[in-house]
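Next come the chains, spelled out residue by residue.
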Amino acid sequence: MDRQELNIRLPQLVDKIVESARTQPGMTHLDRVLLPHRDSIIEMVTKLRELVFPGYFGKQGLTAENVQFRLGELTVEIADILYEQIRRCLRYRKRIPDGAMDDECRECDHAAAELTHAFLTRIPAVRELLAADVQSAYDSDPAAKGTDETIFCYPGLLAIFVQRLAHELYTMNVPLFPRIMTEYAHSLTGIDIHPGAALGKSFFIDHGTGVVIGETCNIGNNVKIYQGVTLGALAPDRFVEEFRSRKRHPTIEDDVIIYAGATILGGDTVIGKGALIGGNVFITNSVPAFNRVTADPPKLKYRERRQRNSGASEFSGDYQI
Amino acid sequence: MDRQELNIRLPQLVDKIVESARTQPGMTHLDRVLLPHRDSIIEMVTKLRELVFPGYFGKQGLTAENVQFRLGELTVEIADILYEQIRRCLRYRKRIPDGAMDDECRECDHAAAELTHAFLTRIPAVRELLAADVQSAYDSDPAAKGTDETIFCYPGLLAIFVQRLAHELYTMNVPLFPRIMTEYAHSLTGIDIHPGAALGKSFFIDHGTGVVIGETCNIGNNVKIYQGVTLGALAPDRFVEEFRSRKRHPTIEDDVIIYAGATILGGDTVIGKGALIGGNVFITNSVPAFNRVTADPPKLKYRERRQRNSGASEFSGDYQI
Amino acid sequence: MDRQELNIRLPQLVDKIVESARTQPGMTHLDRVLLPHRDSIIEMVTKLRELVFPGYFGKQGLTAENVQFRLGELTVEIADILYEQIRRCLRYRKRIPDGAMDDECRECDHAAAELTHAFLTRIPAVRELLAADVQSAYDSDPAAKGTDETIFCYPGLLAIFVQRLAHELYTMNVPLFPRIMTEYAHSLTGIDIHPGAALGKSFFIDHGTGVVIGETCNIGNNVKIYQGVTLGALAPDRFVEEFRSRKRHPTIEDDVIIYAGATILGGDTVIGKGALIGGNVFITNSVPAFNRVTADPPKLKYRERRQRNSGASEFSGDYQI
């Protein structure tokens, strides 16, 4: 087959693909009900990052005089995207087509304006929380050279920034939108915080790759978490629909530290105030306040290892490549 | 040194760098044999995502009437990239320069057209597999609000989507191309599935960061895997070239569940149908069907922790920052 | 509230946000001291990748004749960004506003030119190190089909490439810049190597997601590391400022292999030449040369698992979703 022949056969291939698009309706979104637009939501996150940390990201050279113009411009741009994407999410939930304009639609669009307003009203409070997170990152990490470095570089702070804002939309009950935001942060950082999780003040995540924080987690103030920590759910006996709405993830009280690779599971599990959870600890029960829980590290075996050229095998079954 | 002086010295620096490019031939690709173009392959993956999930990504507002035009347009664009990049990969393997046009080259180019056609023919079948993956993600995750959310947001589904398509090119024996695709997905999701791995129907990966699935893995139907799971190879006695072509990674039969952080190693290891592998289990032997294997979690030590202001040290050697 | 009303209320919202920007000075960068520009630094990394691996990334079709022109062009572009961004970083450290031009500023700008020159002078030596890394990746991974594949696809190589160059700027004591580089690589690969870490020759990281290598690590030649390995610090008794400048991370001598998920902590911990550290080993003490250290894998429990339809519960407390 040469290039020309391939071209001649393309229409046939297209027919098969179109047919497949029609017979797999769950994989094709064809009605006039608009879905939210992932790229617009990501663009909005980028603009929000500049709005929340002016002078660090996006436009540089801001001064005390011109900052209000830049923030004004950004707010208008963010409001545009927010309104349009929230509106789509609300119409999507009610399966209202894009062009429609009866009372129910108008209700949806008014709700979108309300929620956009409510979200923007929350920005100063969220900034205050984030200022405490920035300080906590600097205070907690001996490798940090200053708070500017944590704002610029720390993936934990990026993930927390996105989640705190997504959580606002989650509590306003906007579908799809908040999860698109947090999965974008997950992709950039390897940190997977569900928008439903409630995070306290001065939250710090170091390194962060592999962290998973579930939907119904409750996290207190001054909590520190390291890479590979899971705050997850226990597998139910059988999957039941009702499980979706239950508290499935743990509660972490104030001043808790959870070191790398620890796994804490279950909706009734409470890690009490001031507790310290050691690396790789696996826990499915509550821990009393001010306790430290450490795992006996696995017993180690030492052996000489110079037989490389002898007949003895290095192959031991516990290594991996 | 000021800026002018730096500029004056640049040509000298360039000479050294050019010399280094010439004396390190393994790091410089200078002949006329074209390599595949990574950015084009990534662009193609983006277009394939729209082709496979029309209306979700890329162009919005598709209807039953216009969908065929959009899918037709996309198919032509994808065919263009596929043909050009497969052609490059085949010529690359035979070290044929770009301009050349003898019989061997023509053979290469015809093979590229054949493979492009064969790949596009497979799209409907791959869509069918992905439809089952989408359903499985919704059914398996209590945090999922609907199948649309899994298509939009779930990194596991993105990694599986890319791997299923890359696997088609891998089985057609196209070099470089499929691995560029899966490493792109790895970068976005933290999920590293080699294009060689054979995945069964209704495959689900939750959270996913840190998952590694090796080249010669065989995975059955209805398998569920959680974050941090490794399906890897055992380290050989000594590295031998022949090891490259051996089955090095495990076989996972139907209906198996593997919880977070488990490690399963070895080409002869078979996890039997319906088995359940607990979190952090480390396994290098086969598991019989319908068994559950759990690891005794490490014994925990509890201690009070209020000595912060006393002389006693918190320093215990098992924490990490 | 409709769209019009929302627009009318935006100025009020902007006022609140501007006020918040003024009252949280740590989150707003408003003086005329320019910060480095993250996007420019990332653009420079992309250009450096082409400079170091010509023909693989960026412009294709390079020949022995035209390569010098392309490398010359790239060097000039990289020098421009380097000079401007290093200059900003140095002025940032001394809090010198952008326009200023007294003696101290001139000193800063001259230092920026010196450091740009010094950095570019190091490119050939860094390329030599990277050539050995490329070879090591191919030699160590049975799934690798050739060195070209490792250059194109291997996330470990990407992370090492960025870190080796960032480390040059770190040793020149440029603030912020090197960490922005390595966190960019972290975001792409899930591999977090601090720019301060000293890496030996022929370094190999496989898969890599979740790897953390701390600021004061010392790594010898021919070291191999697998996914999820942490080379970290022990938590101090109490956080003291002085801790920031101490050696906090381990030393890994030549020819050491560290398998997936192992954790090695502490600034006094030395893993001796030729040692082999098994998967999931947790170590806070030194290991003598040519020893292999393996962890007793956790004891496994096997149970039948067919009670799905009986009354017996599968719920066991050690699974996670």
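Please read these numbers as outputs of a predicted model, since none were measured by experiment.

A.B. asks: What's the story with the overall build of chain A in this structure? I'm lost.
C.D. replies: A count of helical and extended segments in chain A gives 8 helices and 14 strands. The principal-axis extents of the C-alpha atoms in chain A amount to approximately 75 × 65 × 50 Å. For chain A, the residues scored as buried account for 64% of the 321 residues in total. Taking all contacts inside chain A whose residues are at least 6 apart in sequence as the whole, residues at least 24 apart take part in 48%. Here chain A has roughly 11700 Å² of accessible surface; of this, 50% comes from carbon and sulfur atoms. Separation between the mean location of the 37 positive side-chain charges and that of the 42 negative ones in chain A comes to 5 Å.

A.B. asks: Just checking my understanding: could you explain the pattern of salt bridges for this structure?
C.D. replies: Side chains that differ in sign of charge can pair as their charged atoms come close. All names here are of chain B. Counting across every chain of the model gives 57 salt bridges over all chains. Of the charged contacts in the structure, one is a salt bridge between Arg9 and Glu5, with a shortest N-O distance of 3.5 Å. Highlighted residues: Arg9 and Glu5, both in helix H1 (residues 3-23), separated by 4 residues, approximately one helical turn. Under the relative-accessibility criterion, Glu5 is labelled partly exposed at 34%.

A.B. asks: Looking at this structure, I do not really get the domain arrangement of chain A. What am I missing?
C.D. replies: Interfaces are often described in size by the accessible area the parts lose on coming together. Residues and elements named next belong to chain A. The domains assigned to chain A are domain 1 (27-190) and domain 2 (197-304). Here domain 1 and domain 2 have C-alpha centroids that lie 27 Å from each other. Each partner contributes residues to the interface: domain 1 has 17 residues there, and domain 2 has 17 residues. Our count for the domain 1 to domain 2 interface comes out at 0 salt bridges. On the surface where domain 1 and domain 2 come into contact, there are 9 residue pairs in polar contact (both at pLDDT 80 or more). The biggest single contributor to the side of domain 1 that touches domain 2 is helix H7 (residues 155-171), with 7 residues. Tallied by class, residues from the side of domain 1 that touches domain 2 come to 7 nonpolar, 7 polar and 3 charged.

A.B. asks: How should the environment of A:Thr116 be read in this particular structure?
C.D. replies: Residues and elements named next belong to chain A. The residue Thr116 is located in helix H4 (residues 103-121) in this model. With 32 residues separating them in the primary sequence, Thr116 and Glu84 have C-alpha atoms 9.4 Å apart. Engagement of the side chain of Thr116 in a polar contact is seen with the backbone nitrogen of Tyr83, the distance being 3.5 Å.

A.B. asks: Honestly, the interface of chain A and chain C in this entry has me stumped. Any pointers?
C.D. replies: Taken together, the 85 residues of chain A in the interface contact 86 residues of chain C. When the two sides are added together, the surface that chain A and chain C hide from each other amounts to roughly 7600 Å², 58% of it contributed by carbon and sulfur. The interface formed by chain A and chain C includes 4 salt bridges. Among the salt bridges present, the one from A:Glu149 reaches C:Arg179, with a minimum N-O distance of 3.8 Å.

A.B. asks: Got a minute to help me understand the relation of the copies chain B and chain C in this structure?
C.D. replies: Here the two chain copies are tied together by a rotation about an axis and a shift along that axis. Superposing chain B onto chain C takes a rotation of 120° plus a shift of 0.0 Å along the axis, which leaves an RMSD of 0.0 Å. Taken together, the rotation and translation relating the two chain copies correspond to the operation of a three-fold axis.

A.B. asks: Is there a simple way to think about the sheet that holds strand E7 (residues 251-252) of chain A in this case?
C.D. replies: Whenever strands of a sheet pair, they do so through backbone hydrogen bonds, lying parallel or antiparallel. Residue and element names in this part refer to chain A. If you trace the 3 strands from one edge of the open sheet to the other, you get E4-E7-E10, paired in parallel fashion. What marks the edges here is a single partner per strand, and that holds for strand E4 (218-219) and strand E10 (270-271). With 2 bridges connecting them, E7 and E10 associate as parallel partners. Of the residues in E10, the one forming a bridge with Ile252 is Ile271.

A.B. asks: Is there a simple way to think about the sheet that holds strand E4 (residues 218-219) of chain B in this case?
C.D. replies: Strands sit in the order E4-E7-E10 (chain B) across an open sheet of 3 strands; the sheet is parallel. The open sheet terminates on both sides in strands that have one partner only, identified here as E4 and strand E10 (270-271) of chain B.

A.B. asks: Would you take a moment to explain helix H3 (residues 67-94) of chain B for this structure?
C.D. replies: Spacing of three or four residues puts side chains on the same side of an α-helix, whose turn is 3.6 residues. Taking 1.5 Å per residue as the helical rise, H3(B) with its 28 residues ought to reach 40 Å, and the 40 Å between its terminal C-alpha atoms agrees with that figure. Positive phi appears at B:Arg95, one or two residues downstream of H3(B), with a value of about 60°.

A.B. asks: What is the right way to look at unusual backbone geometry in this model?
C.D. replies: Across residues other than glycine, the phi torsion is negative in most instances, and most of the peptide bonds are trans. Residue and element names in this part refer to chain C. The phi dihedral of Asn222 is positive, around 55°, even though this residue is not glycine. On the secondary structure map, Asn222 appears in the loop between strand E4 (218-219) and strand E5 (224-225). A residue is classified by how much of its surface remains accessible, and Asn222, at 36% relative accessible area, is partly exposed. A positive phi angle, close to 55°, is found at Phe290, a residue other than glycine. For Phe290, the location among the structural elements is in the loop between strand E12 (282-283) and strand E13 (291-295).

A.B. asks: Honestly, the relation of the copies chain A and chain C in this entry has me stumped. Any pointers?
C.D. replies: When chain A is brought onto chain C, the operation consists of a screw motion whose angular component is 120° and whose axial shift is 0.0 Å, with 0.0 Å RMSD remaining. The residues that chain A uses at the interface reappear at the interface of chain C in only 18% of cases, marking distinct surfaces.

A.B. asks: I keep staring at the interface of chain B and chain C and nothing clicks. Help me out?
C.D. replies: Every contact between the two is made by 86 residues of chain B and, on the other side, 85 residues of chain C. For the pair chain B and chain C, the summed buried area comes to about 7600 Å², and 58% of that belongs to carbon and sulfur atoms. By the criterion of area lost to chain C, the three top residues of chain B are B:Met1, B:Met27 and B:Arg292, representing 12% of everything that side buries. Along the contact surface separating chain B from chain C lie 4 salt bridges. Among the ionic pairs, C:Lys301 bridges to B:Asp296, the shortest N-O distance being 3.5 Å. Contributing elements (two or more residues each) for the side of chain B that touches chain C: H1, H3, helix H8 (177-189), strand E12 (282-283) and strand E13 (291-295) of chain B.

A.B. asks: Explain the pairing of E13(C) to me, please; I cannot follow it from the model alone.
C.D. replies: Within E13(C), 5 of the 5 residues are buried, which leaves it mostly tucked inside the rest of the structure. In E13(C), alternate side chains face the same way, and those of C:Asn291, C:Val293 and C:Ala295 on one face and C:Arg292 and C:Thr294 on the other are all buried. By the bridge criterion, 5 bridges tie strand E14 (residues 300-304) of chain A to E13(C) in an arrangement that is antiparallel. Bridging across to E13(C), A:Lys301 finds its partner in C:Thr294. Pairing of strand E11 (residues 276-277) of chain C with E13(C) involves 2 bridges; the strand directions are parallel. Bridge pairing links C:Leu276 to C:Arg292 in E13(C).

A.B. asks: Would you take a moment to explain the packing of aromatic side chains for this structure?
C.D. replies: For any two aromatic rings, the description comes down to two numbers: the centre-to-centre distance and the angle of the planes. Residues and elements named next belong to chain B. Enumeration over the complete set of coordinates arrives at 18 aromatic pairs over all chains. Each ring, one from Phe204 and one from Tyr226, has its centre 6.4 Å from the other, and the planes form 90°; the classification is edge-to-face. Note that Phe204 is positioned in strand E2 (residues 204-205) and Tyr226 in the loop between strand E5 (224-225) and strand E6 (230-232), a separation of 22 residues in sequence. Note on accessibility: Phe204 and Tyr226 belong to one class, buried.

A.B. asks: Honestly, the environment of C:Glu253 in this entry has me stumped. Any pointers?
C.D. replies: Residue and element names in this part refer to chain C. Examined against the element boundaries, Glu253 turns out to sit in the loop between strand E7 (251-252) and strand E8 (257-258). Non-local contacts of Glu253, meaning those with residues more than four positions away in its chain, are made with Gly220, Val223, Val270, Ile271, Gly272 and Lys273. Within the local environment of Glu253, its side chain forms a polar contact with the backbone nitrogen of Lys273, the two atoms lying 2.9 Å apart.

Reading guide: rules and limits
Residue positions are given per chain, counting from 1 as you read along its sequence in written order. Ligands are numbered from 1 and chains lettered from A, in the order in which they are written. Selection of residues for local features in this predicted model requires a pLDDT of at least 70, selection of side-chain atom pairs for listing and counting requires 80 or more, and totals for whole chains, interfaces and linings are taken over all residues. Each side-chain value is worked out from all heavy atoms of the structure, with water and hydrogens disregarded. Secondary structure elements are taken from DSSP: a helix is a run of H or I of four residues or more, a strand is a run of E of two residues or more, and numbering for both begins at the N terminus. Accessibility here uses a 1.4 Å probe with only protein chains present; expressed as a share of the type maximum, an area under 20% marks a residue as buried, one over 50% as exposed, and anything in between as partly exposed. Working rule for contacts: check all heavy atoms of both residues, and any pair within 4.5 Å makes them a contact. Only the protein chains shown count as cover for residues, with accessible areas throughout obtained via the Shrake-Rupley method and a probe of 1.4 Å. Two residue types count as positive, namely Lys and Arg, and two as negative, namely Asp and Glu; His and chain ends fall outside the count. One atom stands in for each charge, and that atom is NZ of Lys, CZ of Arg, CG of Asp or CD of Glu. For this analysis, a salt bridge means a side-chain nitrogen from Lys or Arg found within 4 Å of a carboxyl oxygen belonging to Asp or Glu. Start and end positions for the domains come from either an automated domain assignment or a database one. Throughout this description, a polar contact denotes any pair of N or O atoms lying within 3.5 Å of each other; where both atoms belong to protein, one of them has to be capable of donating a hydrogen while the other can accept it, and for residues adjacent in sequence the pair is counted only when both atoms sit in side chains. Residues are sorted three ways: Asp, Glu, Lys and Arg are charged, Ala, Val, Leu, Ile, Met, Phe, Trp, Tyr, Cys and Pro are nonpolar, and all the rest, Gly among them, are polar. The term buried area denotes the loss of accessible surface (1.4 Å probe radius) that occurs when two parts are joined, taken as the sum for both partners. For this overlay, a least-squares fit was computed on C-alpha atoms, restricted to residues scoring pLDDT of at least 70 in both copies. Any two strands with at least two DSSP-identified bridges between them are counted as paired. Helix span is expected to be 1.5 Å times the residue number reduced by one. Within 6.5 Å between ring centres, the rings of Phe, Tyr and Trp (the latter by its six-membered ring) count as paired, and their orientation is classed by plane angle as stacked under 30 degrees, edge-to-face over 60, tilted in between.

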